[in-house]
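Each chain, letter by letter, is given below.
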Amino acid sequence: IKKWPGVDFSMTSDIAVGFEIYYGTIGGSGNIGYKTSHTLTGGVIPIDLDVTVKLTDQAGNTYISPILHLPRSYGCAPVKLTFSGGQFNWQY
């Protein structure tokens with residue numbers, strides 16, 4: 001499978017969480033360490049595919065982000081996800 005074009009990802013949260021990035025129903029990159037900020041480089045958010053992020057806190061509660069779908073015309077700027085007060089916000 002050839003590498004799909006993608007962008008770098010960072011996230012911040014008001015609670016310590018681990019995360020996993022999903023492309024449709026397939027899990028991809030992530031970090032199970034519980035922290036309030038994470039960064040992944042190397043084009044981990046694919047262009048032109050539906051992407052969600054699953055957060056898991058230390059108590060085992062999970063939170064699923066809204067779908068992000070970057071168009072092919074997006075370019076290479078990184079994306080950021082914030083999670084605060086139980087609400088997600090994609091920034092791109």
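The text that follows walks through the structure, step by step, so that each part is easy to find.

1. Points about the overall build of the protein chain
Thinking step 1. For the protein chain, the helix and strand inventory stands at 0 helices and 6 strands.
Thinking step 2. A compact globule built from 92 residues should have a C-alpha radius of gyration of about 12 Å, and the protein chain, at 13 Å, falls within 12% of that.
Thinking step 3. Dimensions of the protein chain, computed from C-alpha atoms along their principal axes, come out at roughly 35 × 25 × 20 Å.
Thinking step 4. In the protein chain, which comprises 92 residues, the proportion classed as buried is 34%.
Thinking step 5. Across the protein chain, the fraction of contacts at a sequence separation of at least 24, relative to all contacts at a separation of at least 6, is 54%.
Thinking step 6. Entry remark: accessible area of the protein chain is about 5,300 Å², with carbon and sulfur atoms responsible for 54%.
Thinking step 7. Charged side chains in the protein chain number 6 positive and 6 negative. The centres of these two groups are separated by 8 Å.

2. Here's the deal with the pairing of strand β2 (residues 26-46)
Thinking step 1. Bridge count between strand β1 (residues 6-23) and β2: 11 bridges; the pairing is antiparallel. Bridge pairing in β2 links G6 to P46.
Thinking step 2. Linkage of β1 to β2, two consecutive antiparallel strands, is achieved through a turn of 2 residues, within which G24 is found at a positive phi near 70 degrees.

3. A word on the side chain of D57
Thinking step 1. Inspection of the secondary structure puts D57 in strand β3 (residues 51-57).
Thinking step 2. Buried and unpaired, D57 has K54 as its nearest opposite-charge partner, separated by 11 Å.
Thinking step 3. Side-chain polar atoms of D57 contact the backbone nitrogen of A59, separated by 3.0 Å.
Thinking step 4. Sequence-distant contacts of D57, defined by excluding residues within four places in its chain, comprise I15, A16, V17, Y34 and Y63.

4. As for the pattern of salt bridges
Thinking step 1. Considering all chains together, one arrives at 1 salt bridge under this definition.
Thinking step 2. For R72, the salt bridge goes to D48, with nearest N and O atoms at 3.3 Å. Highlighted residues: R72 in the loop between β4 (62-64) and β5 (79-84) and D48 in the loop between β2 and β3, separated in sequence by 24 residues.
Thinking step 3. Overall, R72 belongs to the exposed group, its relative accessible area being 54%.
Thinking step 4. Overall, the relative accessible area of 30% leaves D48 in the partly exposed class.

5. Here's the deal with the nonpolar core
Thinking step 1. Membership of the largest hydrophobic core comes to 21 residues, with the highest contact counts inside it found for F9, I21, I45 and V79.
Thinking step 2. If you list the elements that add at least two residues to this core, you get β1, β2, β3, β5 and β6 (87-91).
Thinking step 3. Tallying contributions element by element places β1 first for this core, with 6 residues.
Thinking step 4. In this structure, I45 is in contact with P5, G6, V7, F9, I21, V51, L68, L70 and V79, ignoring residues within four places of it in sequence.

6. A word on the environment of G43
Thinking step 1. Locating G43 in the fold gives a position in strand β2.
Thinking step 2. Take G43: its relative accessible area is 16%, and that puts it in the buried class.
Thinking step 3. Residues G43 and Y92 lie 49 residues apart in sequence; the distance between their C-alpha atoms is 14 Å.

Each value, and the rule that gives it
Residues numbered from 1 in each chain as written. Predicted model: local features only at pLDDT ≥ 70, side-chain atom pairs only at ≥ 80, totals over all residues. Heavy atoms only, no water. Helix = DSSP H or I, 4+ residues; strand = E, 2+ residues; numbered from the N terminus. Rg over C-alpha atoms; globule rule 2.2 N^0.38 Å. Buried < 20%, exposed > 50% of the residue type's maximum accessible area, 1.4 Å probe, protein only. Contact = heavy atoms within 4.5 Å. Areas by Shrake-Rupley, 256 points an atom, 1.4 Å probe, with all protein chains shown as cover. Lys, Arg positive; Asp, Glu negative; His and termini not counted. Charge placed at Lys NZ, Arg CZ, Asp CG, Glu CD. Pairing = 2+ DSSP bridges. Salt bridge = Lys/Arg side-chain N within 4 Å of Asp/Glu carboxyl O. Polar contact = N/O pair within 3.5 Å; in protein donor to acceptor, adjacent residues only side chain to side chain. Core = buried A, V, L, I, M, F, W, Y, C linked by side-chain atoms within 4.5 Å.

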